[in-house]
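# Structural overview for review
Okay, here's what each chain looks like letter by letter:
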Protein chains: 2
Amino acid sequence: MPGVTLHDVAAAAGVHPSTASRALDPAKEDLVSEATRRRIVAAAARLGYRPHLGARGLKRGRTATVGVVAADLGNPFVTPLLHGIAAALEAVRSLPFIAETQDDHARFERILDHMLSRRVDAIITTAARTADREMLEDAARHTPVVIAARALPGSPLPQALHDDLSGAELAAAHLVELGHVRVAQLRGPLDVANFAQRAEGFSARCTRAGVVEVPVAGTADRPVGAEGRRLMHRLLASDDGLPTAVFPHNDLMALGALAALEEAGLRCPEDVSVIGYNDTEILARTAPPLTSVSYPSREVGEAAGRMAIASTDGSGPVESVSLPPTLVVRASTTPPGSGPRPGW
Amino acid sequence: MPGVTLHDVAAAAGVHPSTASRALDPAKEDLVSEATRRRIVAAAARLGYRPHLGARGLKRGRTATVGVVAADLGNPFVTPLLHGIAAALEAVRSLPFIAETQDDHARFERILDHMLSRRVDAIITTAARTADREMLEDAARHTPVVIAARALPGSPLPQALHDDLSGAELAAAHLVELGHVRVAQLRGPLDVANFAQRAEGFSARCTRAGVVEVPVAGTADRPVGAEGRRLMHRLLASDDGLPTAVFPHNDLMALGALAALEEAGLRCPEDVSVIGYNDTEILARTAPPLTSVSYPSREVGEAAGRMAIASTDGSGPVESVSLPPTLVVRASTTPPGSGPRPGW
DNA sequence: CTGTTAGCGCGTTCAA
DNA sequence: TTGAACGCGCTAACAG
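What counts as what
- Residues numbered from 1 in each chain as written.
- Chains lettered and ligands numbered in written order.
- Predicted model: local features only at pLDDT ≥ 70, side-chain atom pairs only at ≥ 80, totals over all residues.
- Heavy atoms only, no water.
- Near = heavy atom within 4 Å.
- Polar contact = N/O pair within 3.5 Å; in protein donor to acceptor, adjacent residues only side chain to side chain.
- Helix = DSSP H or I, 4+ residues; strand = E, 2+ residues; numbered from the N terminus.
- Nonpolar A, V, L, I, M, F, W, Y, C, P; charged D, E, K, R; others polar.
- Contact = heavy atoms within 4.5 Å.
- Buried area = accessible area lost by both parts, 1.4 Å probe.
- Salt bridge = Lys/Arg side-chain N within 4 Å of Asp/Glu carboxyl O.

Attention now goes to the protein's contact with DNA strand C. Looking at DNA strand C, there are 26 residues lining it, with Leu6(A), Lys28(A), Tyr49(A), His16(B) and Thr19(B) nearest. In DNA strand C, the atoms that sit within 4 Å of the protein are 61% sugar and phosphate, with bases accounting for the remainder. One of the side-chain N or O atoms of Arg56(A) is found 2.7 Å from a phosphate oxygen in DNA strand C. Every element with two or more residues in the surface near DNA strand C is listed here: helix 2 (17-24) and helix 4 (53-60) of chain A together with helix 2 (17-24) and helix 4 (53-60) of chain B. Here the surface near DNA strand C takes five residues from helix 4 of chain A, the largest share from any one element. When grouped by side-chain class, the residues that make up the surface near DNA strand C number nine nonpolar, nine polar and eight charged.

See the structure below:
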């Protein structure tokens, strides 16, 4: 049963392999007489024939596979992104080949290498850091590369993004509106453009409103809970005085910050408001429910998938896109010094 | 730059392609003189040569790729599982090829078909439902198949599992110990063996302790939050009287149950205790923090990865394994009618 | 130590 | 409408 080849099918149907090939190719089945076609299809089914995609790719130069690189599959933010990509690829019967860098450059390099060797039809990366730029543009000389979610500023590669600058401004504006005058950011790794932009957008809006930003030394190594917790503890330990609101650069970090607050005996939002980023669905039931900037990750994923397909078609250059953020207000942000938001 | 072949490298180095092949194969490089080897390696680097894995697979009959099937990448429970698998595969420089069924049989079939066509070296599935059994055993006639996380009872396929029966007994025992005498289960889909076993283990332990199980009509279509919420609402609406504790069959469903309780104006744990399953790391900060049966998913993943490797080696039959559960007590369970657990 | 030959499974010529 | 021949890129087996 294993290793049934086209040759076997042809023999069973009493035809030449190339006739069998034609009969089994939807695009060419009308070059074969109905009668023989049926015989061949029957034989293929009976023998359990399965085309060898490796061999087909060798011949056709296409593998019906798109490499997808994520930084951290444990971040619930990436799931909708992957769903969006898979949905878009389904239109051309391609399958994503998913791999995870864990934000490690060397691992990223190995993954790219493997994908190129595997001759994927295109690569979508949601894991880019600035240090990866050259490597990615290099890869793009072999295979179309689409940048998704994590921007690569100044790169000519097509990008499916989200406007992090506006998103962070939205976050800051919300805090300003609530009356906060002392705030702080817990920065994600700044060599990920998104976090650099969030830092910039947030600061810009604060400055404009005359709001004081309490400095927090350092940034997260990775945008994960443990790092958010670490930075929050550092902020609590500093003697610059506590802010009344903090902006961890994503929901995972916000979760860590909440843990740190609790460990320090502080309450959110009574003592400190917390505003996250991504509006990760699975985290909407934290204690307290997190105010967060919503990231349209499914849509970004779909756009990236479509762009990957388009760049494979060779139908000219592919346009980058950038989708807007929205703000989702929940219980973790209130005016400074006030009690919990009514209704929660 | 694209499409540099071994032939090109050989030409550039002034040798025969097979010599170049040997020089570039770590396992055979000592069959080539140091001098020519260096020349070949240099030429390969200069030209940006990358082996064509499709072609190599065609020749060698191995693709250095293992298909990994998950039911739902949005379930945080699967991430450690995937990490475990990837870690194990790294030992033989294989890469996982990840796909998602979304608990849809037809999609599962397409995925298996694609993976077999791709000639992956083995398949690890964490998405099995009883209806998938025949299909999987069929696939196993072509390629080694390892069942992970979701059991396929009675199947001869090698399985890397967890003892769900004991786990559910642990959950029930905990509730019994707290003094609950009226409890209920929110059942996951029973065609997933794990949930069937959880149902059975929980009931058995309750019966033995003389605890009453309030019936909940129906089961979840999929083990996700929305379904947990739906079942909890159904339980609240029934006139069998409320239990003092509920056991949703996994953490995601527990999250939905918590939402339903809140919507009904009930508090957890004061009015109803909730105990989940999986001890999903990312959910440890729910309101209230969830008591849960811990599932060693990373370890199960590693075991599955090793089993996949072993079954590819052809070194005899592969032993199934089953890892034990442990209980992690947090704030969502207290004695019936009592206030919140002190310390939380 | 290196070159030659052959073929993995398939699809695309070109002829019949 | 079908068959024959060739080659995609690589490597195993066999010579030399």
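Listed per partner, the contact involves 47 residues of chain A and 47 residues of chain B. Buried area between chain A and chain B, both sides added, is near 4,500 Å², and the carbon and sulfur share of it is 57%. It is Arg50(A), Ile282(A) and Arg285(A) that lose the most area in chain A upon contact with chain B, and together they represent 18% of the buried surface on that side. Viewed at the interface, chain B and chain A are joined by eight salt bridges. Residue Glu90(B) pairs with Arg110(A) through a salt bridge whose shortest N-O separation is 3.7 Å. Remark: the boundary between chain A and chain B carries 20 residue pairs in polar contact (both at pLDDT 80 or more). For the side of chain A that touches chain B, the secondary-structure elements that each account for two or more residues are helix 4, helix 5 (78-90), strand 2 (95-100), helix 6 (105-117) and helix 11 (251-263) of chain A. The dominant element in the side of chain A that touches chain B, judged by the number of residues it contributes, is helix 6 of chain A, at six residues. Its residues assigned to classes, the side of chain A that touches chain B comprises 23 nonpolar, 13 polar and eleven charged.

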